[in-house]
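This is what each chain is made of:
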Amino acid sequence: MTAEGKFREAAARVVDLVLTDDCVYLDSLPDAVETAIVTPLAQLGSALRAGTAEELTKSASLFLDCAAFVAPQMPQDLAEAVDDLRAAFRGYASRRISSQVLRSETP
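Residues numbered from 1 in each chain as written. Predicted model: local features only at pLDDT ≥ 70, side-chain atom pairs only at ≥ 80, totals over all residues. Heavy atoms only, no water.

Observations regarding the packing of aromatic side chains
Inspection of the entire model under this criterion finds two aromatic pairs. On the basis of an interplanar angle of 50° and a centroid distance of 5.6 Å, the ring pair of F7 and F89 is categorised as tilted. Residue F7 is found in helix 1 (residues 3-18), and its partner F89 is found in helix 5 (residues 76-105); the two are separated by 82 residues along the sequence. F89 carries the same exposure label as F7, and that label is buried. Plain terms: the ring middles of F7 and Y92 are 4.5 Å apart, the flat faces sit at 15° to each other, and that makes the pair stacked. Here Y92 lies in helix 5 and F7 lies in helix 1, a separation of 85 residues in the sequence. Both residues of the pair, F7 and Y92, count as buried. Three or more aromatic residues joined by ring pairs make a cluster, and in this case those are F7, F89 and Y92. (Phe/Tyr/Trp six-rings, centres within 6.5 Å; stacked < 30°, edge-to-face > 60°. Helix = DSSP H or I, 4+ residues; strand = E, 2+ residues; numbered from the N terminus. Buried < 20%, exposed > 50% of the residue type's maximum accessible area, 1.4 Å probe, protein only.)

Function cannot be inferred from these measures alone, as they are strictly geometric.
Structure, rendered in structure tokens:
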């Protein structure tokens, strides 16, 4: 699987875990976690569905920054999903930057 595929899969896992139709998981989160991650996670979900690569990168970065502040309060399954997303994001972002550099150096 490509770095982008791994990244998209990890992002979808976090979005699908928290933002379900019945809101049961979301409602069970500690208030600080819910407050910190809901809006950036919804933005990440939108970028996954219909965003550009740039929007996806920015929304994932924002979500991961917000999630970092409340990580110690997260349930184990969410913390693991966020860690997986962080690792996949690093691989995806580094490949994206490398490809941009190569394109800019091509005459």
